[in-house]
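Close look at the chain arrangement
The lines below spell out each chain.
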Amino acid sequence: GAVVSQHPSRVICKSGTSVKIECRSLDFQATTMFWYRQFPKKSLMLMATSNEGSKATYEQGVEKDKFLINHASLTLSTLTVTSAHPEDSSFYICSATTTSGLQETQYFGPGTRLLVL
Amino acid sequence: GENVEQHPSTLSVQEGDSAVIKCTYSDSASNYFPWYKQELGKRPQLIIDIRSNVGEKKDQRIAVTLNKTAKHFSLHITETQPEDSAVYFCAATFSGGSYIPTFGRGTSLIVHP
């Protein structure tokens, strides 16, 4: 299947700092990229949907000024957690979709574990 | 919007037994139903999917069935092995223009040796 990479895999930062997470589709151009947050033993919570060259669409309750998404190219999307606080600590996973004909398939990145002290 | 219910939340089986996980969806426009396996601390991996033009799909020990009328779909794993232990997520979405999947809450499958 298609490969999605995510960097860094793990990050520890101090409260008040910003953290940038990169998501790349390695062997395909992604139609759409998604950012999810996952709490322990919980399902994937969609934060935002991102299309190259346009503003991300945020889900209700997700602060767009807090979680900045930039989709610079068809293979790269970044999530920046600004002024991070301990409650932002979580597992963040991106995904990207490929399209064949009119059919999309979604592939996930390996995730980034963020710990805010 | 779409609503996906997944049951059971936890499933414990003996090695060699079969496991069945069920999901229901609410939006009749949904036409694509993937299943993901997520091991602890790792990414969800697509293991099988089904589109609405078929009722069943099989890949070795795993199979998925879809009942469009009843709006439910199920994952079947036969001859379970300890390495099948993981959390499994179902999802439902419209594929073909506005792909935003809705995920179930997940099922933690434990296969005892």
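Here, every reference points to the structure presented above.
Overview of the structure.

Helix and strand counts for chain A come out as 0 helices and 11 strands. Listing the helices and strands of chain A from first to last along the sequence gives β-β-β-β-β-β-β-β-β-β-β. For 117 residues, the compact-globule estimate of 2.2 N^0.38 gives 13 Å, and the C-alpha radius of gyration of chain A, at 14 Å, lies within 12% of that figure. Dimensions of chain A along its principal axes, counting C-alpha atoms only, are 45 × 25 × 25 Å. Residues counted as buried form 50% of the 117 residues belonging to chain A.

Summed over all chains, the structure comprises 2 disulfides over all chains. Two residues, Cys 23 of chain A and Cys 94 of chain A, share a disulfide whose sulfurs are 2.0 Å apart. Disulfide Cys 23 of chain A to Cys 94 of chain A: torsion about the S-S bond roughly 80°, handedness right-handed. Pair noted here: Cys 23 of chain A is in strand S3 (residues 19-25) and Cys 94 of chain A is in strand S9 (residues 90-100), with a separation of 71 residues, a long-range link. Judged by its relative accessible area of 0%, Cys 23 of chain A falls in the buried class. A relative accessible area of 0% places Cys 94 of chain A in the buried class. Each sulfur in the disulfide pair Cys 23 of chain B and Cys 90 of chain B lies 2.0 Å from the other. Measuring the twist about the S-S bond at about -100°, one finds the Cys 23 of chain B-Cys 90 of chain B disulfide to be left-handed. One end of the pair, Cys 23 of chain B, is in strand S3 (residues 19-25); the other, Cys 90 of chain B, is in strand S9 (residues 86-92), and 67 residues separate them in sequence. Comparing Cys 23 of chain B with Cys 90 of chain B, the two get one shared label, buried. There is no disulfide at Cys 13 of chain A, and the cysteine sulfur nearest it, in Cys 94 of chain A, is 18 Å away.

On to unusual backbone geometry. Note the cis peptide between His 7 of chain A and Pro 8 of chain A, where omega equals 0°. Relative to the elements of secondary structure, Pro 8 of chain A occurs in the loop between strand S1 (4-7) and strand S2 (10-13). In this chain, His 7 of chain B is followed by Pro 8 of chain B through a cis amide linkage whose omega measures -5°. Note on placement: Pro 8 of chain B falls in the loop between strand S1 (4-7) and strand S2 (10-14). Unusually for a residue other than glycine, Ser 83 of chain A sits at a positive phi of about 45°. Note that Ser 83 of chain A resides in the loop between strand S8 (76-81) and S9. Judged by its relative accessible area of 34%, Ser 83 of chain A is partly exposed.

It is worth spelling out the interface of chain A and chain B at this point. When the parts of a complex come together, some accessible area is lost, and that lost area is often taken as the interface size. Taken together, the contact pairs 22 residues of chain A with 20 residues of chain B. Both sides of the chain A and chain B interface together cover about 1600 Å² of buried area, and 54% of this is carbon and sulfur. The three residues of chain A that bury the most area against chain B are Glu 104, Gln 106 and Phe 108 of chain A, which together make up 31% of that side's buried surface. Here chain A and chain B share 0 salt bridges between them. For the interface between chain A and chain B, the tally reads 8 residue pairs in polar contact (both at pLDDT 80 or more). Of all elements in the fold, only strand S4 (32-38), strand S5 (44-50), S9 and strand S10 (103-108) of chain A reach the threshold of two or more residues within the side of chain A that touches chain B. The element best represented in the side of chain A that touches chain B is S10 of chain A, accounting for 6 residues.

Reading the values: rules and limits
- Residues numbered from 1 in each chain as written.
- Chains lettered and ligands numbered in written order.
- Predicted model: local features only at pLDDT ≥ 70, side-chain atom pairs only at ≥ 80, totals over all residues.
- Heavy atoms only, no water.
- Helix = DSSP H or I, 4+ residues; strand = E, 2+ residues; numbered from the N terminus.
- Rg over C-alpha atoms; globule rule 2.2 N^0.38 Å.
- Buried < 20%, exposed > 50% of the residue type's maximum accessible area, 1.4 Å probe, protein only.
- Disulfide = S-S within 2.5 Å.
- Contact = heavy atoms within 4.5 Å.
- Buried area = accessible area lost by both parts, 1.4 Å probe.
- Salt bridge = Lys/Arg side-chain N within 4 Å of Asp/Glu carboxyl O.
- Polar contact = N/O pair within 3.5 Å; in protein donor to acceptor, adjacent residues only side chain to side chain.

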